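Secondary and tertiary structure notes
Listed below, chain by chain, are the residues.
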Amino acid sequence: MDYGFFGIMDTIFPLMFGAVFLLIVGVMILALVRSASEWSSNNSSPVLSVDARVVSKRTNITRHMSQADSSHMTRSSTVYYATFQVESGDRMELRMSGREYGLLAEGDRGKLTFQGTRYRGFERRLV
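Attention in this report is confined to the structure presented alongside it. (Residues numbered from 1 in each chain as written. Predicted model: local features only at pLDDT ≥ 70, side-chain atom pairs only at ≥ 80, totals over all residues. Heavy atoms only, no water.)

Some remarks on the pattern of salt bridges
- Applying the stated criterion across every chain, the model contains four salt bridges.
- R124 serves as the salt-bridge partner of D108, at 2.9 Å between the closest nitrogen and oxygen. On the criterion of sequence distance, the pair formed by D108 in the loop between α2 (98-103) and β4 (109-115) and R124 in strand β5 (residues 118-124) is long-range, its members being 16 residues apart.
- You can call R124 partly exposed: its relative accessible area is 41%.
- One continuous salt-bridge network, built from bridges that share partners, spans D51, K111 and R125. (Salt bridge = Lys/Arg side-chain N within 4 Å of Asp/Glu carboxyl O. Helix = DSSP H or I, 4+ residues; strand = E, 2+ residues; numbered from the N terminus. Buried < 20%, exposed > 50% of the residue type's maximum accessible area, 1.4 Å probe, protein only.)

Structure (structure tokens):
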């Protein structure tokens, strides 16, 4: 018996739905594993303090819109980053709090303290 287009859709839809569901769950598990791996790697890294210079600063702002009843609500979050250049010429971009970000200025020189990819502090040196 041939059910035409809708018969095919009755067969394909559950397969597509299952595939998309597995893909979403897989991406979420991958993100959790990567996050845990970075956290573990940072914890096992030594805390280092090196002479460095602030070469740039940037922010990443994300906006989230939600619709509750008839009102639209917008929420945003900001992630702060600074790029440091060490004496060897290598650069590293580290994530930090907004308070720490606000205390830094491009061109500042001082002692950078970090652990893996985790920012621990910057002690400005007066020139």
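So, the pairing of strand β2 (residues 71-86)
- With six bridges connecting them, β2 and strand β3 (residues 91-96) associate as antiparallel partners. By the bridge assignment, Y80 is partnered in β3 with M96.
- Hairpin connection, β2 to β3: the antiparallel pair is bridged by four residues, and G89 has positive phi, about 100°. (Pairing = 2+ DSSP bridges.)

Quick notes on the side chain of D108
- For D108, a relative accessible area of 13% puts it in the buried group.
- Engagement of the side chain of D108 in a polar contact is seen with the backbone nitrogen of A105, the distance being 2.9 Å.
- A polar atom in the side chain of D108 sits 2.9 Å from the side chain of R124.
- If we skip the residues at most four places from it in the chain, D108 touches A52, R53, V54, L103, F122 and R124. (Polar contact = N/O pair within 3.5 Å; in protein donor to acceptor, adjacent residues only side chain to side chain. Contact = heavy atoms within 4.5 Å.)

Overview of a nonpolar patch on the surface
- On the surface, F13, F17, F21, L22, V25, I29 and V33 cluster together into a nonpolar patch covering about 740 Å² of accessible area.
- Relative to the helices and strands, I29 is located in helix α1 (residues 4-44). (Patch = residues over 30% accessible without salt bridge, like charges linked within 9 Å, V, L, I, M, F, W, Y side chains within 5 Å. Areas by Shrake-Rupley, 256 points an atom, 1.4 Å probe, with all protein chains shown as cover.)

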